[in-house]
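# Survey of secondary and tertiary structure
One-letter residues, chain by chain:
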Amino acid sequence: MDHESALRRLTQELLDCIASGDWEKYCQLCDPSLTCFEPEAVGNLVQGLDFHRFYFDLLKDQQHQSQTTITQPHVRVMGQVAVVAYVRLIQKCGPPEMKPALTTEAYEETRIWRLEADRWIHVHFHRSPARTWEP
Ligand code: GLY
């Protein structure tokens, strides 16, 4: 499989394991020193995996179904480093007491991967809520 196809597949696997709460798989795909900016970190640069584990543990106790779709993917390989940029759509159906029970969220994401031996490892990401621009 060429690098571009492999990175698309790995990125979808990563998002799917986040959605299903598969912490072991997440750790296999990510470098232990993973860094990120994401809305949950309220403007702080997060380093390491502990911050993310909190959400995986929370998800275990929640009853909801979700589907994650990558739209507009762009993969750029530069030697041992790759940038994968896309919009992530998350369709969620929560328990009936959750209002609204059915939602769709959109995020702009950039994920950086590093090639180690013959394996791509996730090393950094940036996630922002997709929004419209108003002057
Ligand atoms: N919040 C974990 C991730 O998007 O990788």
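Anything mentioned here points back to the structure above.
As the structure is a computational prediction, the values presented were derived from the model and not from experiment.

### A few points about the overall build of the protein
What the protein contains, in helices and strands, is 3 helices and 6 strands. Overall, the protein shows an N-to-C arrangement of helices and strands of α-α-β-β-α-β-β-β-β. Taking 14 Å as the expected radius of gyration for a compact globule of 135 residues, we find that the protein reaches 15 Å, a close match to that expectation. Over its C-alpha atoms, taken along the principal directions, the protein stretches across nearly 50 × 40 × 30 Å.

### What to know about the nonpolar core
Counting residues in hydrophobic clusters, the biggest one holds 23 residues, and the most contacted among them are Leu7, Tyr26, Trp113 and Trp120. Broken down by secondary-structure element, the contributors of at least two residues to this core are helix 1 (3-20), helix 2 (23-29), strand 1 (30-37), strand 4 (81-93), strand 5 (102-116) and strand 6 (119-129).

### Digging into the side chain of Thr68
Inspection of the secondary structure assignment puts Thr68 in strand 3 (residues 65-78). Residue classification places Thr68 among the buried positions, given a relative accessible area of 9%. Here Thr68 is in contact with Gln12, Leu15, Asp16, Ala19, Arg88, Leu89 and Ile90, once residues within four sequence places are set aside.

### Notes on the site of the ligand
Neighbouring the ligand are Ile18, Tyr26, Glu38, His52, Arg88, Arg111, Phe125 and Arg127. Glu38 places a polar side-chain atom, nitrogen or oxygen, 2.8 Å from a nitrogen atom of the ligand. Between the ligand and the protein, one listed contact pairs an oxygen atom with a side-chain N or O atom of Arg111 at 2.7 Å. Burial of the ligand by the protein chains amounts to 92% of its free accessible area of 200 Å². The residue makeup of the shell around the ligand, split by class, is 3 nonpolar, 1 polar and 4 charged.

### Considerations on unusual backbone geometry
Although it is not a glycine, Val42 adopts a positive phi angle of roughly 40 degrees. Here Val42 lies in the loop between strand 1 and strand 2 (46-47). Exposure remark for Val42: the relative accessible area of 69% places this residue in the exposed category. Unlike most non-glycine residues, Gln72 shows phi in positive territory, near 50 degrees. For Gln72, the position within the fold is in strand 3. Assessed through its relative accessible area of 62%, Gln72 is described here as exposed.

About the thresholds
- Residues numbered from 1 in each chain as written.
- Predicted model: local features only at pLDDT ≥ 70, side-chain atom pairs only at ≥ 80, totals over all residues.
- Heavy atoms only, no water.
- Helix = DSSP H or I, 4+ residues; strand = E, 2+ residues; numbered from the N terminus.
- Rg over C-alpha atoms; globule rule 2.2 N^0.38 Å.
- Core = buried A, V, L, I, M, F, W, Y, C linked by side-chain atoms within 4.5 Å.
- Buried < 20%, exposed > 50% of the residue type's maximum accessible area, 1.4 Å probe, protein only.
- Contact = heavy atoms within 4.5 Å.
- Near = heavy atom within 4 Å.
- Polar contact = N/O pair within 3.5 Å; in protein donor to acceptor, adjacent residues only side chain to side chain.
- Areas by Shrake-Rupley, 256 points an atom, 1.4 Å probe, with all protein chains shown as cover.
- Nonpolar A, V, L, I, M, F, W, Y, C, P; charged D, E, K, R; others polar.

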